[in-house]
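# An overview of the molecular structure
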Amino acid sequence: MTSPDSEIPMVQLLTLDGEFSAAREYAEYAELIRELREADFLKFYRDMARIRRFDNEATALQRQGQMGLWVPAVGQEAAQIGSGYGVGPNDHIFPSYREHGVAITHGVDLMSIVKMYRGANHGGWNPHETRFHLYAIVLGTQALHATGYAMGLNFEGRVGTGDPENDLAVITYFGDGATAEGDISEAFLFAATHNTPQVFFCQNNQWAISSPVGTQTKVPLYKRGEGFGVPGIRVDGNDVLACYAVTKKHMDDARGGKGPTLIEALTYRIGAHTTSDDPSKYRDSAEVEYWKARDPLIRFEKFLRNQGVGQDFFDEVEAAGDQLATEVREATFAMADPELEMMFDHVYSEPHPLIEEQKAWLQGYEESLGGHTPETPGDDSVSYGGTR
Amino acid sequence: MSQIAYFDLPDVGEGLTEAEIVSWKVKPGDTVSVNQIIVEIETAKSLVELPCPFAGTVSQLLANEGDTVNVGSHIIAVEVSQLTAAAASSMHEAVGEAAQAVADVASTASVEEKPQPTLVGYGVAAASASRRKRSGVPAVQAVVVNAAPATDLIAVVPSGDQVLAKPPIRKLAKDLNVDINKVRPTGLSGEVTREDVMAASQVASVFKNQTTPEPKSEREERIPVKGIRKAIASAMVQSAFTAPHVSIFVDVDATRTMEYVKRLKASADFAGVKVTPLLIMAKAMIWAVRRNPAVNSTWTDTEIIIHNYVNFGVAAATPRGLIVPNIKDADKMSMLELAMALEQLAATAREGKTTPADMQNGTITVTNIGVFGVDTGTPILNPGEVGIVALGSIRPKPWVVDNEILIRQVTTIGATFDHRVVDGDVASRFVQDVASVMEEPALLLD
């Protein structure tokens, strides 16, 4: 069974029973939590619940043929929402492909994520507006993009001036599986030698598709950066407050010119790797039960109730979730297919003869097909499912 | 407003083409809600529960447990009382498109012949798959059926399996019912290659019983009639009970055909091409058709259509069942071209990649039952055709030549005709012509 190794120190601010409790060595993190107001706590919970409801609806929509693929993040809400709010509003985020929770902390429209997994575009949000860059499907590449961006911030003098309007930092998200990619090591090396304003946020969800983390590394992942010169820290990834505080501290440090940090958030992927995966083939149900007992939403709900938050709030959140699910469902069904020509539009910024030739060929081919002929019964009926 | 809504089997993986219905969680009359789990399916990758996309009352289950269903086929009909605004608008679009599609089909049908049933084949079912159709081409013909699904869908190999083979080759072996553990590997790294599997499939159990299984404990087994078996049955019944069949037989000394095959195999022109007695048979039939055109025709109740071309059908026993693809315009082909076309047709059929177009518009058929080791039979006509010839096994037998008993390579030619078109005299002349070529292939020089 894969479970957190109790001998390894880990920043935890909430006990499993939802009690706020910080070890002495983590006092600086606990301090950051004391600056938060009740509205912030409610926001954390609301967003975790919201993204889980969204996630479950998206999985159902994939099963109904409305999306080519879905990548569930259930179980990782605390790591994503907590760290997402620890990132400054102007900082840049370079995600992998499972960071739906981080996305909503920076104003990304959930429907644009659906649109991408439906195959209607390649990522429909503008990173210049949201600071949340496009999903990287190729494992690990985003760490290099992030490091390059962070090096650019150094070159432009956007680091360590003490001016909050000027200074910026970068965070990149990846999983335990991606740490086995060369890209991550290369990014560590450049980040360390260039002292970039950067956080590497590794969500160790224990499984790289069907490979357990034990086959990916012999040392705890938070130590992976040390040899390159990137110090690391492990945080309880199912503790939203710890994830928030650790991310905020190291992003603030990075912005202030103190260089890069690796954060390993210990969490668990409750669902499948993607809708094309069947985890029951390779993992033990006892392990899943172990982690379900550590569900980040349950723990934070206990905390809020301990703080005196009433049932009304939780009812309201649940109703809002159902409303969101309905809206997502309707918007997905109503989503128009993209124009075919669109795929050629952003290959080059200027006209290109090869692209023009391919475009013309495709148009001719499509015309020869006489447009789209649906396979439908002739009666007064409607079909869902099939292929998108 | 109450309305029937259909849920089509989705592609729950990436590029899956079919799935098996494992168990239904609802039955007709049940009330279902959005995202309620209604069915469990098994794909090449995993067991998956499907949530219902709409709320309503189950009106009909359109697939049985145990059925393998193509992606895009309706699996359940639900009577929905109210649709959400978004769903309703997409529904109107779908209905509009459906109406247009019906209109298109109607206008196409009016200018085309009544669609011919293919003798059998998964082509019939697959023709409804949601592939787009090229305009100006008869719908069924344009559908490309790729019965061998994409190569990335291989189930996890059981542990302890020591045979080296790439996933697509394992898939091919599975499709062809070949036990990959028993295939002799010839690959550079000791792996089983595509050629190895194809070679093994030629001796696969579909052609000959290789083992005698233990007696079973249950007294009876019930096998649902579905898929290709159902299609075979309905085509056979249609053919047998609409066309009055008449069968005739003739024994023939095929020694010279066997010698001719041997010479062709040895010739440089035919290097690398498979040459078999079936090739000479095909040439013989095409030649005989020219001398007896009536056997290469179609009966339509109001007229007899004589085809002045030969789309030469070959009945092929494949692991998926009997299919009859044909070689278009075989009469225009040289011996070498025909040999290559026959080889290609067999390879395509064996791989399960025969398309409906390949099986449409045949004009006459041969069935090579000799490969099963039997002497002859009374074949049933491929619907739409009036003649079919069976080539029996060719083997050494006593034969009288010039009042002496000699050992010759003897075979029996059996043929069936539609008596509405072909009378005994024409049938006999045709079969005699075919037999004469088998006896003396030099006649083909005519």
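Our subject is the structure that appears above.
We now turn to the structure provided with this report. (Residues numbered from 1 in each chain as written. Chains lettered and ligands numbered in written order. Predicted model: local features only at pLDDT ≥ 70, side-chain atom pairs only at ≥ 80, totals over all residues. Heavy atoms only, no water.)

## Section: the overall build of chain A
In terms of regular secondary structure, chain A is built from 14 helices and eight strands. Residues classed as buried in chain A amount to 54% of the 388 residues present. Relative to all contacts within chain A whose residues are 6 or more apart in sequence, the contacts with residues 24 or more apart total 74%. A total accessible area of about 16,600 Å² is found for chain A, and carbon and sulfur atoms account for 51% of it. (Helix = DSSP H or I, 4+ residues; strand = E, 2+ residues; numbered from the N terminus. Buried < 20%, exposed > 50% of the residue type's maximum accessible area, 1.4 Å probe, protein only. Contact = heavy atoms within 4.5 Å. Areas by Shrake-Rupley, 256 points an atom, 1.4 Å probe, with all protein chains shown as cover.)

## A word on the overall build of chain B
Along chain B, the regular secondary structure elements total 11 helices and 18 strands. Going through the 446 residues of chain B one by one, you find that 44% of them count as buried. Considering only intrachain contacts with a sequence separation of at least 6, the fraction spanning at least 24 residues in chain B is 64%. When the accessible surface of chain B is totalled, it reaches about 22,900 Å², and 54% of it is carbon and sulfur.

## Overview of helix α11 (residues 296–306) of chain A
All names here are of chain A. All buried positions along α11 are accounted for by Pro296, Leu297, Arg299, Phe300, Phe303 and Leu304. Considered in projection along α11, the buried side chains sweep an arc of 165° and stay on one side of the axis. The backbone nitrogen of leucine 297 lies 2.7 Å from a side-chain oxygen of the residue at the head of α11, namely aspartate 295. Immediately downstream of α11, the backbone of glycine 308 shows phi near 95°, a positive value. (Arc of directions from axis to C-beta. Polar contact = N/O pair within 3.5 Å; in protein donor to acceptor, adjacent residues only side chain to side chain.)

## Regarding the packing of helix α2 (residues 38–63) of chain A against α11(A)
Residues and elements named next belong to chain A. The N-to-C vectors of α2 and α11 enclose an angle of 150°; their axes lie 11 Å apart at closest approach. Judged by the angle between their axes, α2 and α11 are roughly antiparallel. Read as a crossing pair, α2 and α11 show a hand that is left-handed. Within the contact between the two elements, α2 uses Phe41, Leu42, Phe44, Tyr45, Met48, Ala49 and Arg52 and α11 uses Pro296, Leu297, Phe300, Glu301, Phe303 and Leu304. Looking at the contact of α2 with α11 residue by residue, the class counts come to 11 nonpolar, no polar and two charged. (Axes fitted to C-alpha atoms, helices over the stretch in contact; angles between N-to-C directions. Parallel < 35°, antiparallel > 145°, perpendicular 65-115°, else oblique. Left-handed = near helix turned anticlockwise from the far one by under 90°. Nonpolar A, V, L, I, M, F, W, Y, C, P; charged D, E, K, R; others polar.)

## Observations regarding the nonpolar core
Of all hydrophobic cores here, the largest spans 73 residues; its most connected members are A:Tyr45, A:Ile113, A:Tyr117, A:Leu241, A:Phe300 and A:Leu304. No other element matches α2(A), which puts 10 residues into this core. If we skip the residues at most four places from it in the chain, A:Tyr45 touches A:Leu297, A:Phe300, A:Glu301, A:Leu304, A:Phe313, A:Phe314 and A:Val317. Among the nonpolar cores identified, the runner-up in size contains 49 residues, and B:Ala282, B:Ile364, B:Val386 and B:Val421 belong to it. (Core = buried A, V, L, I, M, F, W, Y, C linked by side-chain atoms within 4.5 Å.)

## Overview of the sheet that holds strand β3 (residues 198–204) of chain A
Remark on secondary structure: sheet strands pair via backbone hydrogen bonds, oriented parallel or antiparallel. Residues and elements named next belong to chain A. With respect to topology, five strands assemble into an open sheet ordered β1-β2-β3-β7-β6, the strand pairing being parallel. Taken across any chain shown, the strands that pair with only one partner, and hence form the sheet edges, are β1 (92–94) and β6 (232–236). Strand-to-strand, the axes of this sheet are offset by a mean angle of 20°, without reference to chain direction. Both strand β2 (residues 170–175) and β3 contribute to a ladder of six bridges, which runs parallel. Bridge pairing in β3 links glycine 175 to glutamine 203. Each of β2, β3, β6 and β7 (261–266) is contacted by helix α9 (residues 240–255), which is oriented at about 155° to β6, the strand it contacts most. (Pairing = 2+ DSSP bridges.)

## Some points on the packing of aromatic side chains
Scanning the entire structure with this criterion turns up 25 aromatic pairs over all chains. Between A:Tyr26 and A:Tyr29, the ring centres sit 6.2 Å apart and the planes meet at 45°, which makes this aromatic pair tilted. Residue A:Tyr26 is classed as buried on the basis of its relative accessible area, which comes to 11%. On the numbers, 5.9 Å between centres and 90° between planes, the contact of B:Phe417 with B:Phe430 is edge-to-face. One end of the pair, B:Phe417, is in strand β18 (residues 404–418); the other, B:Phe430, is in helix α11 (residues 424–439), and 13 residues separate them in sequence. (Phe/Tyr/Trp six-rings, centres within 6.5 Å; stacked < 30°, edge-to-face > 60°.)

## Some points on the pairing of β7(A)
Residues and elements named next belong to chain A. The element β7 is extensively covered by neighbouring structure, given that six of its six residues are classed as buried. Burial of β7 is two-sided: the residues Thr261, Ile263 and Ala265 facing one way and the residues Leu262, Glu264 and Leu266 facing the other way are all buried. In the sheet, β3 pairs with β7 via six bridges, with the strands oriented parallel. Bridging across to β7, glutamine 203 finds its partner in alanine 265. By the bridge criterion, five bridges tie β6 to β7 in an arrangement that is parallel. Each bridged residue has a counterpart across the sheet, and for valine 235 the counterpart in β7 is alanine 265. Following the chain from β6 across α9 to the adjacent parallel β7, one finds a crossover that is right-handed. (Right-handed = clockwise from strand over helix to strand, strands pointing away.)

## Regarding the packing of helix α3 (residues 77–86) of chain A against α9(A)
Residues and elements named next belong to chain A. In the contact formed by α3 and α9, the axes pass within 7 Å of each other and the chain directions differ by 35°. Note that α3 runs across α9; the crossing there is right-handed. For the pair α3 and α9, the contacting residues are Ala78, Ala79, Gly82, Ser83, Tyr85 and Gly86 in the first and Val240, Cys243, Tyr244, Thr247, Lys248 and Met251 in the second. Among the residues making up the contact of α3 with α9, the classes are represented as seven nonpolar, four polar and one charged.

## What to know about the environment of B:Gln3
Residue and element names in this part refer to chain B. Counting through the fold element by element, glutamine 3 comes out in strand β1 (residues 3–8). The buried category is assigned to glutamine 3, whose relative accessible area is 5%. Sequence spacing of glutamine 3 and glutamate 79 is 76 residues, and the spatial spacing of their C-alpha atoms is 5.4 Å.

## Regarding a nonpolar patch on the surface
A surface patch of nonpolar side chains, amounting to about 250 Å² of accessible area, comprises B:Val371, B:Phe372 and B:Val374. Along the chain, B:Val374 falls in the loop between β15 (364–367) and β16 (387–391). (Patch = residues over 30% accessible without salt bridge, like charges linked within 9 Å, V, L, I, M, F, W, Y side chains within 5 Å. Salt bridge = Lys/Arg side-chain N within 4 Å of Asp/Glu carboxyl O.)

## Things to note about the pattern of salt bridges
One side chain can pair with another of opposite charge once the charged atoms of both are near each other. The final tally for this structure, using the stated rule, is 29 salt bridges over all chains. Its salt-bridge partner being A:Asp322, residue A:Arg53 comes within 3.3 Å of it at the nearest N-O pair. Separated by 269 residues along the polypeptide, A:Arg53 in helix α2 and A:Asp322 in helix α12 (residues 311–334) bring together distant segments of the chain. For A:Arg53, a relative accessible area of 26% translates into the label partly exposed. Of the charged contacts in the structure, one is a salt bridge between B:Lys182 and B:Asp179, with a shortest N-O distance of 3.9 Å. Relative accessible area serves as the criterion here: at 71%, B:Lys182 is assigned to the exposed category. When its relative accessible area of 36% is taken as the criterion, B:Asp179 is described as partly exposed. What emerges from the salt-bridge pattern is a single network uniting A:Glu28, A:Lys249, A:Asp253 and A:Lys258.

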